[in-house]
Amino acid sequence: MGRLWRREVWRLAVLVGLGALLGWPFSLSSVGIGLGLALGLSYHLRNLHAMHDWLTHRPQQEPPTASGLWGELFDRLYRYQKGQRITQRRLRSTLQRIQESSEAMRDSVVMLDRHGDLEWWNSSAERMLGLKPALDRGQHITNLLRDPRFVGYFNARDYREPLSLPSPIDENMILQFQITLYGDDERLVMARDITRLHRLEQMRRDFVANVSHELRTPLTVLTGYLETYSDMADMLPERLGKGVAQMQSQTRRMQNLVNDLLLLSRLENDQGGSDHVRLDPTTLLQAVKRDAEALSGGRQQIEVVVEESRSLTGSEKEMHSAVSNLAFNAVRYAGDGAHITLRWRAYGEGACLEVEDDGEGIDPRHLPRLTERFYRVDKGRSTATGGTGLGLAIVKHVLLRHEARLDIDSRLGEGATFRCIFPSSRLAAADPVALGRAGAVH
């Protein structure tokens with residue numbers, strides 16, 4: 001390229017020199033120099049006009065013929081245009097394949113720009129969401145999906161968990177929405193028809209609730225007769241008396257299981273919120289402490305620590321059940337001589353209720369499954385301690401109803417911490433009375 005520039009400079013110098021020589025005999029050297037410069041300028045203007053005409057009217061054709069620097073420039077532009085056309089064809093082909101594959105999907109796919117306006121969607125979105133190409137393109141997504149739960153989900157920008165809602169055009173169709181951020185703050189909205197799964201889950205809930213309810217009557221009858229026989233233990237043969245005691249123990253275990261199943265069913269089917277009041281964490285933890293001490297029988301040391309003055313808004317009955325389950329688990333599994341702490345403290349902008357022990361701990365590989373129903377780390381030990389395997393599942397559902405989450409931190413031999421984390425929206429303003437009490441409760 002440097003060689004071509006030097007050639008153009010020499011060409012201009014030759015034109016100027018010839019003009020000066022031609023004008024010198026007539027004392028018109030400056031006029032000759034001007035003519036030389038004019039000739040050089042006309043050459044460049046002619047090539048510039050040819051480039052403009054080529055790029056404007058016939059860019060698909062081969063470039064104009066030229067020599068020197070202009071010829072090199074035409075060739076480079078032509079190669080660049082050709083490369084761009086190839087790239088565009090590839091991109092169009094890729095985009096077409098993406099659209100064709102999206103059209104083949106049974107799930108709805110909706111592409112939004114950075115403002116949340118509709119750009120493109122597949123035919124499944126028209127069927128599930130009622131989108132109309134002629135009317136809805138360019139509309140904001142919340143103008144068409146107006147359910148307050150979807151609007152809140154969309155604006156929260158926390159898309160780690162999907163959202164299940166009825167279809168806006170068919171209430172009998174249940175959709176699961178998942179939003180993904182990509183590119184320049186653009187969004188991809190996926191909607192899946194989970195109507196069948198939803199019905200199966202509802203059938204499961206109804207089945208568990210009905211069976212649990214039906215079991216209560218025969219269990220009540222069995223308990224009554226066994227208590228009668230237990231009162232007559234002195235009159236029964238030793239072998240029969242031992243059998244009655246075992247039946248009483250197993251009946252109580254079955255009653256606890258039925259009660260937990262009924263509670264889980266209620267938590268799943270009832271939206272809740274009607275009994276939410278302002279709770280005093282100190283009073284709550286002290287009540288749980290008394291229950292835990294009764295279960296422990298002096299085998300562990302239990303204390304309450306309050307470090308946060310703000311109170312909690314929620315259901316007293318449900319929160320007592322959740323924290324009690326965590327405390328009872330600590331009593332059952334921490335081991336004799338363990339130290340158990342029930343703590344209320346600040347956590348980020350919110351706060352948390354913690355149940356901490358310095359007992360045997362839990363292998364981290366079990367932690368992701370601890371909140372599953374009937375999951376047991378040690379089945380033999382859980383059976384011996386009287387657990388139903390539903391306690392942490394109840395805790396999880398109670399926290400979900402309070403916009404909270406359960407965080408578990410444990411290592412073998414290093415104890416365990418079960419942390420119920422509440423957002424700031426669930427906390428009431430600082431109470432002057434609580435300010436004097438915070439940190440003083442042990």
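Analysis parameters
Residues numbered from 1 in each chain as written. Predicted model: local features only at pLDDT ≥ 70, side-chain atom pairs only at ≥ 80, totals over all residues. Heavy atoms only, no water. Helix = DSSP H or I, 4+ residues; strand = E, 2+ residues; numbered from the N terminus. Rg over C-alpha atoms; globule rule 2.2 N^0.38 Å. Buried < 20%, exposed > 50% of the residue type's maximum accessible area, 1.4 Å probe, protein only. Contact = heavy atoms within 4.5 Å. Areas by Shrake-Rupley, 256 points an atom, 1.4 Å probe, with all protein chains shown as cover. Lys, Arg positive; Asp, Glu negative; His and termini not counted. Charge placed at Lys NZ, Arg CZ, Asp CG, Glu CD. Core = buried A, V, L, I, M, F, W, Y, C linked by side-chain atoms within 4.5 Å. Phe/Tyr/Trp six-rings, centres within 6.5 Å; stacked < 30°, edge-to-face > 60°. Lys NZ or Arg CZ within 6 Å of the ring centre and 35° of its normal. Patch = residues over 30% accessible without salt bridge, like charges linked within 9 Å, V, L, I, M, F, W, Y side chains within 5 Å. Salt bridge = Lys/Arg side-chain N within 4 Å of Asp/Glu carboxyl O. Pairing = 2+ DSSP bridges. Axes fitted to C-alpha atoms, helices over the stretch in contact; angles between N-to-C directions.

A. Up close: the overall build of the protein chain. Helix and strand content of the protein chain: 14 helices and twelve strands. Relative to the compact-globule value of 22 Å for 442 residues, the protein chain shows a C-alpha radius of gyration of 39 Å, a clear excess of over 25%. Here the C-alpha coordinates of the protein chain stretch approximately 150 × 50 × 40 Å along the principal axes. The buried share among the 442 residues of the protein chain stands at 38%. For the protein chain, long-range pairs separated by at least 24 residues make up 59% of all intrachain contacts whose partners lie at least 6 apart in sequence. Of the roughly 26,300 Å² of accessible surface on the protein chain, 55% is carried by carbon and sulfur atoms. Looking at charge distribution, the protein chain has the averaged site of its 57 positive side-chain charges lying 8 Å from that of its 56 negative ones.

B. View of the nonpolar core. Counting residues in each nonpolar core, the largest one holds 45 residues, and the members touching the most others are Met319, Leu342, Trp344, Leu353 and Phe422. Listing elements by their share of this core, those giving two or more residues are α9 (238–269), α10 (281–296), β7 (301–306), α11 (316–333), β9 (339–347), β10 (350–357), α13 (391–401) and β12 (416–422). The element best represented in this core is α11, accounting for seven residues. Apart from the residues within four sequence positions on either side, Met319 is in contact with Leu279, Leu284, Leu312, Leu353, Val398, His402 and Phe422.

C. Broad picture of the packing of aromatic side chains. The final tally for this structure, using the stated rule, is four aromatic pairs. Three or more aromatic residues joined by ring pairs make a cluster, and in this case those are Phe150, Phe154 and Phe177. In this structure, Arg187 packs its charged tip against the face of Phe154, placed 4.4 Å from the ring centre.

D. Expanded view of a nonpolar patch on the surface. Together, Val221, Tyr225, Tyr229, Met232 and Met235 line one region of the surface with nonpolar side chains, adding up to about 550 Å² of accessible area. Tracing the backbone shows Val221 in helix α8 (residues 195–231).

E. Representation of the side chain of Glu318 in the model. Tracing the sequence through the fold places Glu318 in helix α11. Look at Glu318 and you get buried, because its relative accessible area is 3%. Not counting chain neighbours up to four residues away, the residues in contact with Glu318 comprise Arg266, Leu267, Val398, Arg401 and His402.

F. Looking closely at the sheet that holds β12. Read across the open sheet, the five strands follow the order β7-β9-β10-β12-β11; overall the sheet is mixed. Every other strand in the sheet has two partners, leaving β7 and β11 (405–410) as the edge strands with one partner each. Within the sheet, the average angular offset between the axes of one strand and its neighbour, ignoring direction, is 15°. When β9 meets β10, the two strands line up antiparallel, connected through eight bridges. Residue pairing in the sheet places Ile340 in a bridge with Asp357 of β10. In the packing of α10 onto the sheet, the strands contacted are β7, β9 and β10, and the crossing angle to β7 comes to about 175°.

G. Expanded view of the pattern of salt bridges. Per the stated rule, a full pass over the model turns up 18 salt bridges. For Glu354, the salt bridge identified is with Arg419, shortest N-O distance 2.7 Å. Of this pair, Glu354 sits in strand β10 while Arg419 sits in strand β12, and the two are 65 residues apart along the sequence. This pair shows no difference in class: Glu354 is buried, exactly as Arg419 is. Members of the salt-bridge network, linked through shared partners, are Glu307, Arg343, Arg345, Glu354, Glu356, Asp407 and Arg419.

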